[in-house]
Amino acid sequence: MTTDLTGVSAPSRVADLDEGISVEELQLAARNHGLPLEALRFDLTPPGLHYLLTHYDIPAVDPDAFRLVMDGVVDGPLSLDLDAIRSRPRRSTVVTLECAGNGRARLRPRPVSQPWLVEAVGTSRWTGTPLSPLLREAGLPDDAVDVVFTGADHGIERGVEQDYQRSLPVREAMREEVLLAYEMNGAPIPPQHGYPLRLVVPGWYGMAQVKWLTRIDVVADPFDGFQMRAYCLRQQPEDPGTPLTRIEPRALLVPPGFPDFMSRTRVLRAGPTIVEGRAWSGWAPVDAVDVSVDQGQTWSSATLEPAPDRWGWARWSWTWEATVGNYTMSARASDASGRSQPVDAPWNRGGFANNLVQRVAVTVISLSDLAGIEEP
Ligand SMILES: Nc1nc2c(c(=O)[nH]1)N[C@H]1C(S)=C(S)[C@@H](COP(=O)(O)O)O[C@H]1N2
Ligand SMILES: [Mo]
């Protein structure tokens, strides 16, 4: 018997130029919500406001039956329950996570997938035990190449049935900041963010941060799983592609003033206004944020506060003497590696790493005006 996989085996697709968001994209967007941008005010994102990206279903993991297995070409395999993991050395790191697909829906033509605008980001204090001592204990042979991380979630993607799996080169997996995390902001990780255990790789895009971690396999050949091939920059489906790794710099504004319900256009009363936001980069610390109110024609330097932690976002602010009129506001981050944000985004088929500068429509009204936003 052959099974009809119509509807599950569709290849990745790029929308027609005039094609609107489909019900399938809406379905993904409703499951995988973004950070409400006003939550950029918080140093640490309350977990319910952190963005979410889950390819398949959120698995129900029984904490009593849970075992983390370390296997592959290691000298001695390990099997650890949650108590054994929690009794190991404990370490916390503040980390900004961002989905590699953030910005996808702004590309033209639009790659059809989770249609993020700019909101696929969040910052948490992750607590767990460092991975590298565990790998050392299991024993890494000289020919070890990659470390493969497997999640408990299972699904089918473009016709390929799979567990969610991603690998890191041994060198990256051995970085001392890489954590097996069991707490998010001081509480057990909520189900949607990987309970009871997830991988945290500071500086890397979201796809590397494997949730519901159940297996770690050290392998002697380069790992070439589905999610390794999926998360690549390519122009054509057949291109070998460049694997995504670290987060490109980005700055976002806390939306100024108050919003219009439908358009989310910001309305602001004239006068001095503190414009603020957050900026981050996985390559090097952010060293400058510039702000524009005229569609990027002129830029002013914002005041950048030191990030409380290397891997967490930094707060920036700028005082604007807002006068009556319509504006397009933008913020642009650059980092110490010389990377910055483009004003015209280079296109790629997966819609990845689009760190195009944000554009926020703002209407400044006089102190006595009532905002006369027209009903549709
Ligand atoms: N097991 C598993 N891990 C996963 C995923 C997944 O679908 N399954 N999604 C990845 C992607 S693409 C992102 S962007 C981040 C999102 O993490 P969050 O939902 O905690 O914000 O988790 C990553 N880890
Ligand atoms: Mo992602």
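Residues numbered from 1 in each chain as written. Chains lettered and ligands numbered in written order. Predicted model: local features only at pLDDT ≥ 70, side-chain atom pairs only at ≥ 80, totals over all residues. Heavy atoms only, no water.

**Considering the sheet that holds strand β19 (residues 286-292)**
The cut-off we apply is this: The pairing criterion is simple: DSSP has to find at least two bridges between the two strands. Helix numbering and strand numbering both begin at the N terminus, where a helix is a DSSP run of H or I of at least 4 residues and a strand a DSSP run of E of at least 2.
One open sheet holds the six strands; their spatial order is β16-β17-β24-β23-β19-β20, and the pairing between them is mixed. Two strands in the sheet have a free side with no partner beyond their single neighbour: β16 (258-259) and β20 (300-301). As defined by bridge partners, strand β17 (residues 266-269) adjoins strand β24 (residues 360-365) across four bridges and the pair is classed as parallel. Bridge assignment links Leu 268 to a residue of β24, and that residue is Val 364.

**A look at unusual backbone geometry**
Cis geometry is adopted by the peptide bond preceding Pro 109, which originates at Arg 108 and carries an omega value of -5 degrees. Structurally, the position occupied by Pro 109 is in the loop between β4 (91-98) and β5 (111-112). The step from Tyr 195 to Pro 196 runs through a cis peptide bond, and the omega angle for that step is 5 degrees. The residue Pro 196 is located in the loop between β10 (187-188) and β11 (198-200) in this model. Even without being glycine, Trp 212 reaches a positive phi, approximately 50 degrees. Even without glycine at this site, Gln 295 takes up a positive phi of about 60 degrees. Looking at where Gln 295 falls in the secondary structure, it is placed in the loop between β19 and β20.

**Some points on the site of ligand 1**
The condition is simple: Throughout, near means a residue has at least one heavy atom within 4 Å of the molecule or strand. Using the Shrake-Rupley algorithm and a 1.4 Å probe, accessible areas are obtained, with residue cover drawn only from the displayed protein chains.
Close contacts around ligand 1 come from 19 residues, with Tyr 51, Asp 153, His 193, Arg 198 and Lys 211 the closest. Contact with the protein chains hides 100% of the accessible area of ligand 1, taken as 530 Å² for the molecule alone.

**Here's the deal with the packing of aromatic side chains**
Defined as follows: Centres within 6.5 Å are what make two rings of Phe, Tyr or Trp a pair, Trp counting through its six-membered ring; a difference in plane orientation under 30 degrees is then read as stacked, over 60 as edge-to-face, and the rest as tilted. Per-residue accessibility, obtained with a 1.4 Å probe over protein chains only, is compared with the maximum for each type, and a residue is labelled buried under 20%, exposed over 50%, and partly exposed between these values.
Under the counting rule described, the total for this entry stands at five aromatic pairs. With centroids separated by 5.9 Å and ring planes inclined at 85 degrees, the aromatic side chains of Tyr 51 and Trp 116 adopt a geometry described as edge-to-face. Here Tyr 51 is found in the loop between α1 (23-31) and β2 (68-72), whereas its partner Trp 116 is found in the loop between β5 and β6 (121-130), with 65 residues between them in sequence. Neither Tyr 51 nor Trp 116 differs from the other in exposure class; each is buried.

**Things to note about the pairing of β17**
Note: β16 against β17, two bridges, orientation antiparallel. Across the sheet, the residue bridging to Phe 258 is Val 267, located in β17. Joining the antiparallel neighbours β16 and β17 is a turn of six residues, in which Arg 264 adopts a positive phi near 65 degrees.

**Things to note about the environment of Gln 165**
Heads up, the rule is: Any two residues whose heavy atoms approach within 4.5 Å at even a single point are treated as in contact. Side-chain atoms alone can form a polar contact between residues adjacent in sequence; in general such a contact is a pair of N or O atoms within 3.5 Å, and within protein one must be able to donate a hydrogen while the other accepts it.
When you line up the elements, Gln 165 lands in strand β8 (residues 160-169). Sequence-distant contacts of Gln 165, that is, excluding residues within four places in its chain, are made with Val 148, Phe 149, Thr 150, Phe 223 and Gln 227. Reaching out from Gln 165, the side chain makes a polar contact with the side chain of Thr 150 at a distance of 2.8 Å.

**Details of the domain arrangement of the protein**
Note the threshold: Each domain's limits were defined by an automated method or a database of domain assignments. Accessible surface is computed with a 1.4 Å probe, and the buried area is the amount of it that two parts give up when combined, taken over both parts together.
Each assigned domain of the protein is listed with its residue range as follows: domain 1 (2-243) and domain 2 (250-365). Just the C-alpha atoms count here: the centres of domain 1 and domain 2 sit 27 Å apart. Every contact between the two is made by 43 residues of domain 1 and, on the other side, 25 residues of domain 2. Across the domain 1/domain 2 interface, buried area totals approximately 3,100 Å², and carbon plus sulfur atoms make up 58% of it.

**Let's talk about the nonpolar core**
Here is the rule we go by: Only buried residues count toward a nonpolar core. Its members are Ala, Val, Leu, Ile, Met, Phe, Trp, Tyr and Cys residues joined through side-chain atoms within 4.5 Å.
With 53 residues, the main nonpolar core has Leu 131, Phe 149, Leu 180, Leu 199, Leu 213 and Ile 216 as its most contacted residues. Among the elements that line this core, the one with the most residues is helix α3 (residues 131-138), at four residues. Excluding anything up to four places from it in sequence, Leu 180 contacts Leu 68, Gly 128, Thr 129, Leu 131, Leu 134, Leu 197, Arg 198, Leu 199, Leu 213 and Ile 216. By size, the runner-up hydrophobic cluster in this structure holds 21 residues, among which are Ala 302, Ala 322, Ala 333 and Val 360.

**Looking at the sheet that holds strand β12 (residues 213-219)**
The condition is simple: Here an angle of 0 to 180 degrees is reported between the N-to-C directions of two axes, which are lines fitted to C-alpha atoms, with helices fitted over the stretch in contact.
Read from one edge of the open sheet, five strands run β3-β2-β12-β7-β8, paired in mixed fashion. Sheet topology places β3 (78-80) and β8 at the edges, where each strand pairs with a single neighbour. Going across the sheet, the axis of each strand differs from the next one's by a mean of 25 degrees, ignoring polarity. Sheet analysis places strand β7 (residues 146-157) next to β12, joined by six bridges and oriented antiparallel. Bridging from a neighbouring strand, Thr 150 pairs with Arg 215 of β12.

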